[in-house]
Amino acid sequence: MRLYVDIDDVLAETTRRILRLANRRFGTRLTFEELGSFDLGVALGLDASGVHELFAEVNAPGFLDRLPTRRGARPALRAWAAAGHAVSVVTGRPPYTRELTAAWLARRRVPHDSLLIVDKYGRFPDAPRRDALRGLHFDAALEDSLETAAFLLEIGVERVFLFDRPWNRETGALPPARLARIRRVSGWRELAPELRALGEGDRTGLPAFASALR
Ligand SMILES: [Mg+2]
């Protein structure tokens, strides 16, 4: 089976760190729970140059490479990989952060088979469009962006897990039938048993398949 894993706010504890930096830089006092928008610039009330300044610092050595992994992420992925399944790390970060991101994954020993940078949010014309994900046939996906989670369902990903974050709680724009198919989890601790069951479910299906081949 093939798992899609987002980085920021799924694998890495990103936005809490960005917020700490932004509050220091701009003298704001926004709390994590107040982040009702996926767009940090909007949430912080920054103009275009403020957003540019903030993200130039975020997407550079000294920040991205120092992010902690979220608690429970590595053991859950190790178990998934040990069961013979694939992990594709898929991020919407700017393409020029590839090297930093790859080095972070290696140094933090995050089990993965590939790192894909796709333009999830229409920000980077030099990255592949998110439509590039259509042909990759993921069996399950882990996201914190509600919009991307809905897109993954649309392209046929069977199991989509949404990590609960303040910016994905407003679900009004999503049709209820689609929303019902997204499984919201508080974090890796809640996700781990479901991921294990999913991986084992696949394995229990194997003997029947093998015997049918004989
Ligand atoms: Mg994310």
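All values derive from a computational prediction rather than experimental measurement.

Undergrad: Quick one: what's the story with the overall build of the chain, residue by residue and with numbers?
TA: When its secondary structure is counted, the chain shows eight helices and six strands. Along the chain, from the amino end to the carboxyl end, the secondary structure elements read β-α-α-α-α-β-α-β-β-α-β-α-β-α. Taken over the C-alpha trace, the chain has a radius of gyration of 18 Å; the compact-globule value for 214 residues is 17 Å, and the two agree within 12%. Over its C-alpha atoms, taken along the principal directions, the chain stretches across nearly 65 × 40 × 35 Å. For the chain, the share of sequence-separated contacts (at least 6 apart) that also reach a separation of at least 24 residues comes to 62%.

Undergrad: Tell me what's going on with helix α4 (residues 73–82), and back it up with residues and numbers.
TA: Taken together, the buried positions of α4 are Ala 73, Ala 76, Leu 77 and Trp 80. Mapping the buried residues of α4 onto a view down its axis gives an arc of 95 degrees, with all of them on the same face. In α4, the exposed positions that point more than 90 degrees away from the buried face belong to Pro 75 and Ala 82. Phi turns positive one or two residues past the end of α4, at Gly 84, with a value near 95 degrees.

Undergrad: So, the domain arrangement of the chain: which residues are in play, and what are the values?
TA: Domain boundaries assigned for the chain yield domain 1 (2–13 + 70–213) and domain 2 (15–66). In this structure, domain 1 and domain 2 have C-alpha centres spaced 24 Å apart. The partner domain 2 presents 13 residues to the 13 residues of domain 1 that form the contact. Looking at side-chain class alone, the side of domain 1 that touches domain 2 contains six nonpolar, three polar and four charged residues.

Undergrad: Mind laying out the pairing of strand β4 (residues 140–143), listing which residues take part and the relevant values?
TA: Alternating positions in β4 separate into two faces, Ala 140 and Leu 142 on one and Ala 141 and Glu 143 on the other, with burial throughout. Looking at chain direction, strand β1 (residues 2–5) and β4 are connected through three bridges and run parallel. Following the sheet pairing, Leu 3 is matched in β4 by Ala 140. Alignment of β4 against strand β5 (residues 159–163), held across four bridges, turns out to be parallel. Counted as the bridge partner of Glu 143 is Leu 162 from β5. The parallel pair β4 and β5, bridged by helix α6 (residues 146–154), forms a crossover whose chirality is right-handed.

Undergrad: Lay out the confidence of the model for the chain with the relevant residues and their values.
TA: Taken residue by residue, the chain gives an average pLDDT of 90. The fraction at 70 or more is 94%. Scored below 50 in pLDDT, residues 204–214 shows zero contacts in the model against residues more than four places distant or in partner chains.

Undergrad: How would you summarise the sheet that holds β4 if you had to cite specific residues and measurements?
TA: In space, the six strands of this open sheet follow the order β3-β2-β1-β4-β5-β6, with parallel pairing throughout. Looking at the sheet topology across the chains shown, the edges are occupied by β3 (114–117) and β6 (182–185). Across this sheet, the average inter-strand angle for adjacent strands is 20 degrees, counted without regard to direction. For strand β2 (residues 86–91) and β3, the ladder comprises four bridges, and the chain directions are parallel. Residue pairing across strands places Val 89 opposite Leu 115, the latter belonging to β3.

Undergrad: Account for the nonpolar core, naming residues and giving values.
TA: With 43 residues, the main nonpolar core has Tyr 4, Val 5, Ala 141 and Val 160 as its most contacted residues. For this core, the elements supplying multiple residues, two or more each, are β1, α1 (15–26), α4, β2, β4, α6, β5 and α8 (188–213). The residue makeup of this core includes at least three contributed by each of domain 1 (2–13 + 70–213) and domain 2 (15–66). Dropping the residues within four chain positions of it, Tyr 4 is found in contact with Ser 88, Val 90, Phe 138, Ala 141, Leu 142, Leu 152 and Val 157.

Undergrad: Please give an account of α1 that cites residues and values.
TA: Since the α-helix packs 3.6 residues into each turn, any two residues three or four apart lie on the same face. For α1, built from 12 residues, the straight-helix expectation of 16 Å at 1.5 Å per residue is met to within 8% by its first-to-last C-alpha distance of 16 Å. For α1, the full list of buried residues reads Thr 15, Ile 18 and Ala 22. Looking straight down α1, one finds its buried side chains confined to an arc of 55 degrees; they lie on one side. Facing away from the buried surface of α1 by more than 90 degrees, the exposed residues are Arg 20 and Arg 24. Positive phi appears at Gly 27, one or two residues downstream of α1, with a value of about 65 degrees.

The rules behind the values
- Residues numbered from 1 in each chain as written.
- Predicted model: local features only at pLDDT ≥ 70, side-chain atom pairs only at ≥ 80, totals over all residues.
- Helix = DSSP H or I, 4+ residues; strand = E, 2+ residues; numbered from the N terminus.
- Rg over C-alpha atoms; globule rule 2.2 N^0.38 Å.
- Contact = placed C-beta atoms within 7 Å.
- Buried ≥ 20, exposed ≤ 12 C-beta atoms within 10 Å, placed from the backbone.
- Arc of directions from axis to C-beta.
- Domains from an automatic or database assignment.
- Nonpolar A, V, L, I, M, F, W, Y, C, P; charged D, E, K, R; others polar.
- Pairing = 2+ DSSP bridges.
- Right-handed = clockwise from strand over helix to strand, strands pointing away.
- pLDDT = per-residue confidence, 0-100.
- Axes fitted to C-alpha atoms, helices over the stretch in contact; angles between N-to-C directions.
- Core = buried A, V, L, I, M, F, W, Y, C linked by C-beta atoms within 7 Å.
- Expected span 1.5 Å × (residues − 1).

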